[in-house]
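Understanding the architecture of this molecule
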Amino acid sequence: MDKKAVVIGASAVGSITARELANRGIEVDLLEEDSRVGKFGKCGGIFSKHGMDCTGVNYKDLVLNEIKGARIVSGQEELKVRTPHTQAVVLSRQAFDERAADEAVSAGVNLHLNSRVRNFEVDGRAIELVNGKSNVGGGGVVKSNSSGKGHLSAITTDGVSYSGNVVIGCDGNSSITARKLAFPEIALSDMVISYQAEFAKADVPEPDMVDLYLDHSAYKNFFMWTIPISKEKIRVGVATTEIKEIEKAKAAAFKEPYIAGMLEKSYKTFEFYHMIPLRYRKKTQMKMGDAGYALLVGDAAGQVKATSGGGVNFGAKCAKTAARETAKYLLEGGNMNYENAWRKEHGGVLKMHYLLHRAYRLFPDWLTEFSLGAVKRLGMRRLLESKGDMDYVFRL
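Summarised in this report is the structure supplied together with it. Since we're looking at a predicted model, the values are computed, not measured. (Residues numbered from 1 in each chain as written. Predicted model: local features only at pLDDT ≥ 70, side-chain atom pairs only at ≥ 80, totals over all residues. Heavy atoms only, no water.)

With that out of the way, let us pick up the overall build of the protein. When its secondary structure is counted, the protein shows 10 helices and 24 strands. Relative to the compact-globule value of 21 Å for 396 residues, the protein shows a C-alpha radius of gyration of 22 Å, a close match. Its C-alpha atoms put the protein at 70 × 40 × 40 Å along the principal axes. The buried share among the 396 residues of the protein stands at 53%. Taking the intrachain contacts of the protein between residues at least 6 apart in sequence as the baseline, contacts between residues at least 24 apart amount to 74%. Element-wise, carbon and sulfur atoms account for 51% of the exposed surface of the protein, whose accessible area totals about 17,400 Å². (Helix = DSSP H or I, 4+ residues; strand = E, 2+ residues; numbered from the N terminus. Rg over C-alpha atoms; globule rule 2.2 N^0.38 Å. Buried < 20%, exposed > 50% of the residue type's maximum accessible area, 1.4 Å probe, protein only. Contact = heavy atoms within 4.5 Å. Areas by Shrake-Rupley, 256 points an atom, 1.4 Å probe, with all protein chains shown as cover.)

We now examine the packing of helix 1 (residues 12–23) against helix 3 (residues 93–106). Between helix 1 and helix 3, the least distance of the axes is 8 Å, while the angle of their chain directions is 15°. The orientation of helix 1 with respect to helix 3, classified from their angle, is roughly parallel. The two elements helix 1 and helix 3 meet at a crossing, and its hand is left-handed. Contacts from Ala12, Ser15 and Arg19 of helix 1 reach helix 3 at Arg93, Phe96, Asp97, Ala100, Ala101, Glu103 and Ala104. Here the residues of the contact of helix 1 with helix 3 sort into five nonpolar, one polar and four charged. (Axes fitted to C-alpha atoms, helices over the stretch in contact; angles between N-to-C directions. Parallel < 35°, antiparallel > 145°, perpendicular 65-115°, else oblique. Left-handed = near helix turned anticlockwise from the far one by under 90°. Nonpolar A, V, L, I, M, F, W, Y, C, P; charged D, E, K, R; others polar.)

Written out as structure tokens, the structure is:
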């Protein structure tokens, strides 16, 4: 068996996966469809500090701002949670992606730009979908060649073939890997559409505090947020499960008196829309006949915090799991154990975030407003300040 793997997608999670593989002695081809790596800023850009530390990427010189608390608003109730320590950092996502890719290349990864994958092959035979299922996935209709050295190949739009015994799709929510290999889909009801814009010359009164507005009538099943970058620069975003209502959600956000006041003399510098999965796929590992395995990691797998839509921190954790299990498979033989490993190590926390998100969907606005008030009146704010955690809900 060759000690080779192909990673598709060179944003942060793909680059971290590739770097970890290379550090374990695996030859890696990292394929990126664009002429540059990264998400081009299409990300909230706020990450928990300890989550960033776990990525292994040297990010500290990329920090634009440090966040110490949150202002949560529902109806007439407002709850402020503030700590003396930095809880989250605001970054340029593009700069972070580029740093992660640079570190992967320094580890020995072969980065290929302008390499959009169009299909996959096993020993030169194209993988096809038969009744919605791959002709190799899960059953092995296509077998490896007689030498026993089967190869799984990613074929780019310009006809270049990159082969290995493991292909890892880190290619985002609209993953070509997942589509072409017929991994289970994520239901549209388990996704949100988001919008975010960045504003300069704003008047930001508390640049170390994010704002969260909980209002189903305006931001159904999700919320509106602000992410300060400085006293004069801020990001404002909204998300909802109702795709057709995203423009209504945008309008509601900019009509909020507090938001409108901050932005009164500002101007927009950047905006984007993005779909975010909130639930992981039922299957993220597929045996490709005798040729090896295909895996999904990060947003492609749906390894996202459903309470916030954040994918980098747990995507990076699962990337390390994927690299460890892939290296074990390629170097020692046997069966791939990625599916069981990541679910055991991180699935429980991601499931908790999803269950909390589903519970929030059931809360009418009056109950959310009442609950915020109850937290203040019962003195639970200090519990949130001392034990609350962006990634793990509570660290006890």
